[in-house]
Amino acid sequence: SSRSCRSSRSSGPSCEPDQPDQRALPSRFPSMATVTSSDEHPGSHGTYDTDTFLGCGYCHEAFPEKRELQVHIKMTHEGQDYCSVPAPMPKREQGLLKKAPSMAISRNIPLSEVNRHCIPEDCWVALNGKVYDLSEFMDRHPGGPTTIVAWAGKDASKFFNDIHKGVKIDSYLRPEAYQGDLGLDESLMSDSFYHTLREARIAEVKEELDRVLSQVSGGTKADSVQRLLQDKNITPELKLKLQRLETQKRAALDSEDYAKAAEIKKSLEELLADDDHAHLHDVPLETTACNIPLSEVARHNKPHDCWVALNGTVYDLSDFLLHHPEQRNAILAWAGRDASAVWNKIPGRFPSANWMDFFMRPEARMGEVGPEPSVDPKMAQIRQLQDELWKLEGPSAEEIQAAKAAAQKVPGTTDAPTLGEEARFPKLKEISAGKELPFFSRAEVAKHNSAEEPYMIIHNKVYNLKSLMGGHPGGDDILLSRAGTDATKDFEVFEHSEKARVQRDRDMLVGQLVPAEATDWSAEATVAQVVGEETSETGRYLRYKAYDVALVTIGWYLYKTLQNRKPLSQFTYSRALRHLHLIMAVGIFGAVGTAQAAQHCEGQTKKKLLWWHKQTGVAMLIAIVMRIFFRMRSGIPPRFPGNKAVQFIETLSLRAFYGLGVLLPVSGIANEYFLKWAPGSETTGKEEDDRRNDRLAKTSIDAHKILGKFLQFAFLPFHLGYTTMYHYSQGRGVVRKVSPFI
């Protein structure tokens with residue numbers, strides 16, 4: 001439908017009043033927009049200083065191509081000969097180019113469309129019924145960029161109003177940041193139909209872009225870092241380096257370390273100026289000394305690189321912001337812009353004559369505002385088409401998935417965390433002291449979730465676990481299941497020793513989280529963070545009652561033991577053997593039950609269950625050793641009377657039982673020993689000792705798991721089943737046979 005306007009150009013509107021979508025169409029093609037009598041004459045000077053548009057010799061119309069002007073004259077000025085004059089781009093066309101591309105589909109934007117734009121390079125946020133693209137604004141946000149990134153693709157109205165009561169966000173943003181109003185009128189257009197039209201518009205823009213690109217020799221190159229990140233033709237290595245530097249810059253801005261941000265900007269410029277990358281882009285890396293166009297000023301829109309135009313003069317206020325933090329809000333609102341429109345509105349405040357006299361230094365003056373450079377209309381058209389296509393397509397599926405994987409609670413504060421782990425394990429400070437660790441966002445870490453490059457966050461530090469694959473005592477599966485995520489809680493559940501933590505930092509540490517995305521793991525907050533939510537009143541009540549039940553059970557056991565002290569026949573189990581048998585049974589079933597329960601729990605609950613697993617295992621070991629000792633001193637015959645085959649099976653079963661009862665806790669203790677107490681490189685100075693300990697720890701825990709599964713699924717069902725059935729068939733009650741209370 002947008003192409004139908006080509007053949008009906010006139011000095012008045014070319015679309016009927018009952019066609020709101022076409023009337024609001026912000027076409028990137030000059031011939032698609034309507035021009036009124038308020039437009040400048042083709043021969044006059046427009047904002048774009050170029051004479052390559054073809055102006056009609058009979059009216060105010062202007063076209064980029066001759067064939068379009070020919071059709072216009074034939075249809076509008078019937079009988080007139082072809083006549084063209086050089087013309088700049090009309091102001092009406094320039095205004096349409098700056099409108100939000102989503103308006104080509106609908107006046108309003110659904111929240112589902114906002115949700116798609118959820119990465120730093122394409123960051124849409126809904127505020128009080130309006131949708132804004134804050135990608136440009138986030139770097140000059142007084143509260144730092146990461147807070148905005150946390151709300152990317154969401155409606156942040158409540159959060160914004162709680163913090164910025166009475167603040168008009170539009171006064172801080174460039175006009176093109178406004179994308180449209182939030183919410184569709186369902187009576188006119190459904191959400192699904194909106195996206196159907198969006199897909200159709202994408203196809204149309206791609207077709208037009210291909211047509212225009214075919215008319216340009218040499219292709220196009222990105223003229224800004226943001227466009228370079230959108231370019232699908234750059235190498236993944238360059239894109240990764242650019243994203244890494246952008247993340248580090250945001251981290252520096254969050255902590256108000258503007259000197260560090262300036263260093264990162266310099267590193268980025270050096271990267272782009274490198275011979276291997278310079279041919280891939282047209283990003284300007286040098287500043288104009290005089291006659292500075294506003295397009296050049298617009299590039300310097302950050303706290304560490306802040307230019308402002310005032311009354312025809314350009315000033316660099318970067319150094320001023322370092323020494324006057326109380327004025328950052330007022331100045332950053334106009335960073336990279338012309339603030340002449342608000343000159344002297346508030347005397348004594350920026351920007352005003354009194355303020356200039358008191359604060360402005362001569363060295364801050366950069367030069368005069370100059371005219372905009374000539375723009376090739378074809379290149380301008382290509383840029384507009386590429387920008388519209390980027391807005392319509394949005395981030396790739398991989399980038400959106402990474403953002404979702406990094407979802408976290410929205411920060412209400414950006415206080416830097418204190419690392420409680422280093423307070424508890426002082427040797428870790430020696431490892432990280434003096435290191436310049438690069439910053440990672442959670443979204444970047446989430447992308448590294450494969451076996452080739454498994455990254456993990458532990459206590460706000462980022463680790464590459466590639467070297468640990470194949471040698472982790474807990475196996476590779478548990479590492480891969482947590483790759484790309486914050487595994488601090490799981491790491492603390494298994495009580496890693498200081499030696500293991502030092503080895504982790506020495507061999508696998510590759511970076512740290514940006515401060516605004518870090519979690520407070522300080523000593524005061526550790527318990528609350530690991531446990532999660534605070535235990536409810538009901539939970540505490542049930543816990544105390546469980547203790548009461550345990551105490552009552554122990555009291556009842558002691559009471560029954562004191563009641564039954566009569567000596568038993570030497571041809572039956574003594575009371576000591578019966579007590580040990582009972583303790584051994586409690587240890588076996590307790591160890592098996594807690595291990596099973598721990599597999600289905602997380603956090604502090606899992607940690608407690610594993611602690612009970614260890615204690616019941618030790619109880620089982622002590623009971624078995626003592627039972628063997630008392631059994632050998634007992635007068636009971638080595639075998640019960642009965643069938644030879646049954647006697648043989650019972651003998652082997654008991655030997656297997658004793659063997660498992662000893663090997664299971666011993667293998668678990670061996671794993672603990674090699675992980676925590678075995679002498680390693682810090683004692684012997686040999687790194688191979690650490691590798692040997694890790695290998696033996698992994699072998700021990702693997703053996704422990706295999707033996708545990710055999711005991712649980714094979715031996716216990718067989719042993720309990722055959723003994724119960726055999727003794728029952730002989731008229732002997734199994735419970736009475738082993739009970740100490742007779």
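Procedures and definitions
Residues numbered from 1 in each chain as written. Predicted model: local features only at pLDDT ≥ 70, side-chain atom pairs only at ≥ 80, totals over all residues. Heavy atoms only, no water. Helix = DSSP H or I, 4+ residues; strand = E, 2+ residues; numbered from the N terminus. Buried < 20%, exposed > 50% of the residue type's maximum accessible area, 1.4 Å probe, protein only. Contact = heavy atoms within 4.5 Å. Areas by Shrake-Rupley, 256 points an atom, 1.4 Å probe, with all protein chains shown as cover. Salt bridge = Lys/Arg side-chain N within 4 Å of Asp/Glu carboxyl O. Pairing = 2+ DSSP bridges. Axes fitted to C-alpha atoms, helices over the stretch in contact; angles between N-to-C directions. Parallel < 35°, antiparallel > 145°, perpendicular 65-115°, else oblique. Left-handed = near helix turned anticlockwise from the far one by under 90°. Nonpolar A, V, L, I, M, F, W, Y, C, P; charged D, E, K, R; others polar. Disulfide = S-S within 2.5 Å.

Draft legend 1. Representation of the overall build of the protein chain within the structure. A tally of regular secondary structure across the protein chain gives 30 helices and 16 strands. Counting only residues that meet the buried cut, the protein chain has 44% of its 742 residues in that class. Of all intrachain contacts in the protein chain linking residues separated by at least 6 positions in sequence, the fraction that spans at least 24 positions is 73%. Only carbon and sulfur atoms are counted for the fraction: they give 58% of the accessible area of the protein chain, which is about 38700 Å².

Draft legend 2. Geometry of the pattern of salt bridges. In total, this model carries 23 salt bridges according to the counting rule given. Taking the shortest distance from any N to any O, the salt bridge between R211 and E208 comes out at 2.2 Å. Of the two residues, R211 and E208 both sit in helix α7 (residues 191–213), 3 residues apart, roughly one turn of that helix. Take E208: its relative accessible area is 1%, and that puts it in the buried class. Of the charged contacts in the structure, one is a salt bridge between D505 and R504, with a shortest N-O distance of 2.9 Å. For D505, a relative accessible area of 0% translates into the label buried.

Draft legend 3. Up close: the pairing of strand β16 (residues 509–513). Where strand β13 (residues 439–440) lies against β16, 2 bridges are found, and the strand directions are parallel. When the sheet's bridge partners are listed, F440 is paired in β16 with L513. In this sheet, β16 lies alongside strand β15 (residues 461–464) in antiparallel orientation, the contact comprising 3 bridges. Opposite K461, over in β16, you have Q512 as the bridge partner.

Draft legend 4. Representation of the packing of α7 against helix α15 (residues 377–393). It is the contact of α7 with α15, at a shortest axis distance of 10 Å, that shows an interaxial angle of 155°. For the element pair α7 / α15, the angle class is roughly antiparallel. Crossing of α7 against α15: the hand is left-handed. Where α7 approaches α15, its residues R198, R201, I202, V205, K206, E208, L209, R211, V212 and L213 are matched on the opposing element by K378, Q381, I382, L385, Q386, E388, L389, L392 and E393. Taken together, the residues that form the contact of α7 with α15 break down as 9 nonpolar, 2 polar and 8 charged.

Draft legend 5. View of the sheet that holds strand β14 (residues 455–458). The 4 strands are arranged β13-β16-β15-β14 in an open sheet whose pairing can be described as mixed. Two strands lie at the open edges of the sheet, namely β13 and β14, each paired on one side alone. Those strands touched by helix α22 (residues 498–508) are β14, β15 and β16, and its axis lies near 75° from that of β15.

Draft legend 6. Representation of the pairing of strand β7 (residues 130–133). Relative to β7, strand β6 (residues 122–127) runs antiparallel, the two sharing 4 bridges. Its bridge partner lying in β7, W124 is registered against D133. Hairpin connection, β6 to β7: the antiparallel pair is bridged by 2 residues, and N128 has positive phi, about 50°. Of the pairings in the sheet, the one linking β7 to strand β8 (residues 178–182) comprises 3 bridges and is antiparallel in character. From the neighbouring strand, K130 faces β8, where its bridge partner is D181.

Draft legend 7. A look at the state of the cysteines. Evaluated as defined, the whole model comprises 0 disulfides. Cysteine C118 remains unbridged, with the sulfur of C123 as its closest cysteine sulfur at 9.0 Å.

Draft legend 8. Expanded view of the side chain of S135. Inspection of the secondary structure puts S135 in the loop between β7 and α5 (145–150). Classification of S135 as buried rests on a relative accessible area of 12%. Aside from chain neighbours lying at most four places away, what touches S135 is P120, E121, D122, C123 and Q226.

Draft legend 9. Molecular detail of the sheet that holds strand β2 (residues 62–63). In spatial order, the strands read β2-β1-β3; together these 3 strands make up an open sheet with antiparallel pairing. Here the strands that pair on one side only, and so sit at the sheet edges, are β2 and β3 (84–87). Note: strand β1 (residues 53–56) against β2, 2 bridges, orientation antiparallel. Bridged to G55 within β2 is A62. Sheet contacts for helix α2 (residues 66–76): β1, β2 and β3; angle to β1, the most-contacted strand, approximately 10°.

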